[in-house]
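Survey of secondary and tertiary structure
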Amino acid sequence: MLFALTAVLSADIALVLLARRLAGRPVLAGGPDHLVHRLRRLGLTAQGVTVLLGAGAFAGVLVGVLAHAGWVDGDAVLWVAAVALIVVPALSRVPVRRPRRSVSSQVRPRLRVRNG
């Protein structure tokens, strides 16, 4: 039942670990391979991603609480796990781009001021 409470977090961790291991990158290095980044690459807006992940987290918590209270079978938790097992491989196919290393993403080169 604990997995149902943390389904979105667990799916994000599994996705990041899978993507970074397959790409040969260090696991603890930053990068745009989280659920949020991949959903944005699919064309969802920031608000849409927030609503989608919030709904997924709410559904997982609801199933976990209902299973703990005995109102639904433990099989309902398996449905949450099945959805997570479908989402992770499906989103792992979404290409991610490497972040550009620049001085600042908010300042354009022509606006920079040189010292001295």
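First things first, this report covers the structure right here in the doc. (Residues numbered from 1 in each chain as written. Predicted model: local features only at pLDDT ≥ 70, side-chain atom pairs only at ≥ 80, totals over all residues. Heavy atoms only, no water.)

1. Topic: the packing of helix 2 (residues 7–23) against helix 5 (residues 75–92)
At a minimum axis separation of 9 Å, helix 2 and helix 5 run at an interaxial angle of 35°. When the axes of helix 2 and helix 5 are compared, the crossing they make is right-handed. Counted together, Ala 7, Ala 11, Ala 14, Leu 15 and Leu 18 of helix 2 and Val 80, Ala 84, Val 88, Leu 91 and Ser 92 of helix 5 form the full contact between these two elements. For the contact of helix 2 with helix 5, a count of residues per class yields nine nonpolar, one polar and no charged. (Axes fitted to C-alpha atoms, helices over the stretch in contact; angles between N-to-C directions. Helix = DSSP H or I, 4+ residues; strand = E, 2+ residues; numbered from the N terminus. Left-handed = near helix turned anticlockwise from the far one by under 90°. Contact = heavy atoms within 4.5 Å. Nonpolar A, V, L, I, M, F, W, Y, C, P; charged D, E, K, R; others polar.)

2. Structural notes on helix 2
Its 17 residues place the ends of helix 2 24 Å apart at the C-alpha level, agreeing with the 24 Å of an ideal helix rising 1.5 Å per residue. Taken as a whole, helix 2 has its buried residues at Ala 7, Ala 11, Asp 12, Leu 15, Val 16, Ala 19 and Arg 20. Backbone geometry just after helix 2 places Gly 24 at a positive phi near 75°. (Expected span 1.5 Å × (residues − 1). Buried < 20%, exposed > 50% of the residue type's maximum accessible area, 1.4 Å probe, protein only.)

3. Observations concerning helix 5
If you check helix 5, its first and last C-alpha atoms are 26 Å apart, about what 18 residues at 1.5 Å a residue would give, namely 26 Å. Buried residues of helix 5: Val 77, Val 80, Ala 84, Val 88 and Leu 91, and no others. Each buried residue of helix 5 sits inside an arc of 85° when the element is viewed along its axis, so together they form one side. What points out from helix 5, more than 90 degrees from its buried face, is the exposed set Leu 78, Trp 79, Leu 85 and Ile 86. On the buried face of helix 5, the contacting elements are helix 1 (2–5), helix 2, helix 3 (35–41) and helix 4 (46–69). (Arc of directions from axis to C-beta.)

4. A word on the environment of Asp 12
Residue placement: Asp 12 occurs in helix 2. Spatially, the C-alpha atoms of Asp 12 and Val 87 are 9.6 Å apart, while their sequence positions differ by 75 residues. Contact partners of Asp 12, with chain neighbours within four places excluded, come to His 34 and Leu 35. Polar contacts involving the side chain of Asp 12 include one to the side chain of His 34, which spans 3.0 Å. (Polar contact = N/O pair within 3.5 Å; in protein donor to acceptor, adjacent residues only side chain to side chain.)

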